[in-house]
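# Chain and residue survey
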Amino acid sequence: MSTPVSAPVSPPVPPAATTTVTPLQVGPHTVAPPVVLAPMAGITNAPFRTLCREFSGGKGLFVSEMITTRALVERNDKTMQLIRFDETEKPRSIQLYGVDPATVGKAVRMIAEEGLADHIDLNFGCPVPKVTRKGGGSALPYKRNLLRAILKEAVSGAGDLPVTMKMRKGIDDDHITFLDAGRIAVEEGVTSIALHGRTAAQHYGGTADWDAIARLKEHVPEIPVLGNGDIWSAQDALRMVRETGCDGVVVGRGCLGRPWLFADLVAAFEGREQARAGGADGCSLEPSLREVADVMVRHATLLGEWIGDEARGVIDFRKHVAWYLKGFAVGSEMRKRLAITSSLEELRSGLDELDLDQPWPVGADGPRGRTSGNNRVVLPDGWLKDPYDCAGIGEDAELDTSGG
């Protein structure tokens with residue numbers, strides 16, 4: 001295993017205004033501080049979770065990318081690779097996607113009986129067409145009875161394993177579902193709920209509706225509610241907790257190319273001085289390009305070790321290059337060259353040609369990743385006719401591959 005990259009230390013700055021937070025309880029697992037890595041397809045595999053966990057000092061909860069229940073039950077090779085956890089990962093968290101209650105039940109029982117994970121999260125938030133056209137992801141909570149049936153099967157099949165869920169506000173502004181879904185979740189024994197404050201139609205565009213998170217917290221006081229959406233810095237996370245009263249945060253796109261954000265999040269929630277001088281908000285790790293380059297090489301190395309092939313690991317890493325280099329003075333030709341590397345030596349030598357003494361760029365802490373919005377949500381024929389009827393949903397609606 002490669003040597004971990006540590007967050008460098010610079011003169012500290014005073015901590016942000018105190019925000020009272022309590023540990024998050026996920027079944028028998030205490031998550032302190034209550035910070036969760038959002039499942040992201042093709043991103044939150046074991047190597048990326050390892051990086052984020054190292055920077056956090058092992059604190060927080062780090063969830064796998066989306067695993068489809070049909071593929072798991074059929075023991076699809078790719079899926080079985082995706083549920084491999086590093087021996088240091090505790091608790092082991094799997095996110096499942098499913099549309100058919102029976103198949104979801106089989107997958108959950110398989111996880112529980114074979115000890116494949118310690119926590120199960122259910123995906124009702126994915127907005128991509130190949131998921132919603134099957135009635136899954138963010139489309140599913142519209143069908144209240146189907147949602148209830150899936151949750152009932154999952155909770156009953158999980159035994160002692162905690163079951164949580166992640167969802168969006170609804171399909172679009174005319175079909176809002178999060179309050180009904182939250183109440184159903186409580187009634188069926190779900191341990192906690194994470195709400196992304198956008199509809200499926202918004203995808204990742206516009207601004208996340210944090211007021212919806214506050215409304216859900218008031219609506220389901222029996223269980224923890226976590227907020228997700230537009231957390232680009234530790235200060236954003238603290239502000240979300242203050243403004244919504246949520247019990248914790250789920251961080252997705254904000255950590256793309258910035259796994260060290262988890263060091264900042266942990267320090268902020270613990271009320272400690274930050275490891276590095278901050279930007280405008282006084283609370284951001286700001287590594288130099290040299291430090292970023294070291295993390296990039298380690299990330300690519302971990303991917304190669306996990307896949308079992310260096311070249312395939314570096315190729316898989318290519319999609320991360322632009323996120324890591326955001327804001328740095330790196331020419332377009334060099335960016336292209338780094339994005340087509342196929343060996344660690346090639347990646348390292350290309351990075352060594354850069355001006356590695358560049359400080360962290362102003363504004364690089366802001367939005368990153370996908371931002372498209374106002375999309376037409378692709379749904380099964382007649383999906384919106386009746387919010388309760390779920391006839392026609394069965395095993396043939398299940399995706400057969402994992403990863404989103």
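Now for a description of the structure that goes with this document. Only a predicted model underlies this, so the values are computations on that prediction, with no experimental measurement involved.

### A look at the overall build of the chain
Scanning the chain from N- to C-terminus turns up 15 helices and twelve strands. Burial status across the chain gives 58% buried among its 404 residues. Of the contacts made within the chain by residues no fewer than 6 positions apart, 74% connect residues no fewer than 24 positions apart. A total accessible area of about 15700 Å² is found for the chain, and carbon and sulfur atoms account for 50% of it.

### Observations concerning empty space enclosed by the protein
All told, the structure shown has four cavities of 30 Å³ or more when counted by the stated rule. In this structure, the largest cavity encloses a volume near 130 Å³. Elements that contribute at least two residues to the lining of the largest cavity include exactly β1 (24–26), β4 (61–68), β6 (119–124), β7 (163–168) and β10 (193–196). The space that makes up the second largest cavity amounts to roughly 50 Å³. Taken together, Arg53, Gly58, Gly60, Leu61, Phe62, Glu89, Lys90 and Pro91 form the lining of the second largest cavity. Classifying every residue of the lining of the second largest cavity gives three nonpolar, two polar and three charged.

### Some points on the side chain of Glu89
Mapped onto the secondary structure, Glu89 falls in the loop between α3 (77–82) and β5 (93–97). The residues contacting Glu89, other than those within four sequence positions of it, are Ala46, Arg49, Arg53 and Phe62.

### Here we look at the packing of helix α11 (residues 289–307) against helix α15 (residues 344–352)
Their axes nearest at 10 Å, the elements α11 and α15 cross at an angle of 170 degrees. It follows from the interaxial angle that α11 and α15 lie roughly antiparallel. Each of Ala293, Asp294, Met296, Val297, Ala300 and Thr301 in α11 lies in contact with α15, whose residues at this interface are Leu344, Leu347, Arg348 and Leu351. Its residues placed into classes, the contact of α11 with α15 shows seven nonpolar, one polar and two charged.

### What about the sheet that holds strand β11 (residues 225–228)?
The strand order around the closed barrel formed by eight strands is β3-β4-β5-β6-β7-β10-β11-β12, and the pairing between neighbours is parallel. When the angles between neighbouring strand axes are averaged without regard to direction, this sheet yields 25 degrees. Bridge count for β7 against β10 is four bridges, and the pairing is parallel. Across the sheet, the residue bridging to Lys166 is Ala194, located in β10. Lying on the sheet, helix α1 (residues 46–56) is in contact with β3 (35–37) and β4; it crosses β4 at an angle near 165 degrees.

### Looking at α15
Considered for burial, the residues of α15 that qualify are Leu344, Leu347, Gly350 and Leu351. Down the axis, α15 shows its buried residues gathered within 135 degrees of arc, on one side only.

### Description of the pattern of salt bridges
Overall, the coordinates contain 27 salt bridges when judged by the stated rule. Put simply, Glu153 and Arg109 hold a salt bridge, and the shortest N to O gap is 3.6 Å. Of the two residues, Glu153 is situated in helix α6 (residues 144–158) and Arg109 in helix α4 (residues 101–114); the sequence distance between them amounts to 44 residues. Owing to a relative accessible area of 28%, Glu153 belongs among the partly exposed residues under this scheme.

### Topic: the environment of Arg348
Within the element layout of this structure, Arg348 appears in helix α15. Along the sequence, Arg348 and Ala293 sit 55 residues apart, while their C-alpha atoms lie 8.0 Å from each other. Once residues within four sequence positions are removed from consideration, Arg348 is found in contact with Ala293, Asp294, Val297 and Leu356.

### Some words on the packing of helix α9 (residues 234–244) against helix α10 (residues 261–269)
Remark: α9 packs on α10, axes separated minimally by 8 Å, with the N-to-C direction vectors making an angle of 45 degrees. Taken together, α9 and α10 sit at an angle that is classed as oblique. Seen along the crossing, α9 lies across α10 with a hand that is right-handed. Mapping the contact onto sequence places Ala234, Ala237, Leu238 and Val241 in α9 and Leu261, Asp264, Leu265, Ala268 and Phe269 in α10.

### Quick look at unusual backbone geometry
Note that the residue after Ala32, namely Pro33, is joined by a cis bond; omega there is -5 degrees. For Pro33, the position within the fold is in the loop between β2 (29–31) and β3. For the bond running from Lys90 to Pro91, omega is -5 degrees, close enough to zero to count as cis. Its place among the elements puts Pro91 in the loop between α3 and β5. Notably, His203 is not glycine yet its phi reads approximately 50 degrees, a positive angle. Take His203: its relative accessible area is 14%, and that puts it in the buried class. Phi angles above zero are rare outside glycine, and Asp230 is one such case at about 65 degrees. With respect to the helices, strands and loops of the structure, Asp230 is situated in the loop between β11 and α9. Taking relative accessible area as the criterion, Asp230 reaches 16% and is therefore assigned buried.

### Overview of the packing of aromatic side chains
The full count for this structure, using the stated rule, is six aromatic pairs. Ring plane angle 45 degrees and centroid distance 6.2 Å describe the contact between Trp260 and Tyr324, whose orientation is recorded as tilted. In this pair, Trp260 sits in the loop between β12 (248–251) and α10 while Tyr324 sits in helix α13 (residues 321–324), placing the two residues 64 residues apart along the sequence. Its relative accessible area of 4% is what places Trp260 among the buried residues. Judged by centre distance (5.8 Å) and plane angle (35 degrees), the rings of Phe317 and Tyr324 are tilted.

Scoring rules and cut-offs
- Numbering of residues begins from 1 in every chain and follows the order in which that chain's sequence is written.
- Where totals are concerned, whole chains, interfaces and linings use all residues; where local detail is concerned, this predicted model gives features only for residues with pLDDT of at least 70, and gives and counts side-chain atom pairs only at 80 or more.
- Excluded from the side-chain calculations are hydrogens and water; all other atoms, namely the structure's heavy atoms, are used.
- Helix and strand assignments come from DSSP, with helices taken as H or I runs of at least 4 residues and strands as E runs of at least 2, each series counted from the N terminus.
- Here the term buried applies to any residue with accessible area under 20% of the maximum for its type, exposed to any over 50%, and partly exposed to those in between, with areas from a 1.4 Å probe on protein chains only.
- The contact criterion used throughout is that any non-hydrogen atoms of two residues lie within 4.5 Å.
- Accessible surface is estimated by sampling points in the Shrake-Rupley manner with a 1.4 Å probe; for residues, cover comes only from the protein chains shown.
- Definitions used for this entry: grid spacing 1 Å over protein atoms alone; cavity, a set of points where a 1.4 Å probe fits but cannot get out; pocket, an open set with protein on both sides within 12 Å along at least 5 of 7 lines; lining residue, one with an atom within 4 Å of a point.
- Grid points are joined across faces, edges and corners, and a volume is the space filled by probe spheres set on the points.
- Basically, the charged four are Asp, Glu, Lys and Arg, the nonpolar ten are Ala, Val, Leu, Ile, Met, Phe, Trp, Tyr, Cys and Pro, and anything else, Gly included, counts as polar.
- Interaxial angle, 0 to 180 degrees, is taken between N-to-C directions of lines fitted to C-alpha atoms, where a helix line uses only the stretch in contact.
- When describing relative orientation, an angle under 35 degrees is termed roughly parallel and one over 145 degrees roughly antiparallel, while 65 to 115 degrees is termed roughly perpendicular and anything else oblique.
- When DSSP finds two or more bridges between a pair of strands, those strands are recorded as paired.
- The directions from the helix axis to the C-beta atoms are what the arc is built from.
- By salt bridge we mean one thing: a side-chain nitrogen of Lys or Arg within 4 Å of a carboxyl oxygen of Asp or Glu.
- Crossing chirality is assigned from the near helix's rotation relative to the far helix, an anticlockwise turn below a right angle marking it left-handed and a clockwise turn marking it right-handed.
- Paired rings are identified among Phe, Tyr and Trp, the last through its six-membered ring, by centres lying within 6.5 Å, and are further divided according to the angle between planes into stacked (under 30 degrees), edge-to-face (over 60) and tilted (the rest).

Note that all results are geometric; they support no functional claim without further evidence.
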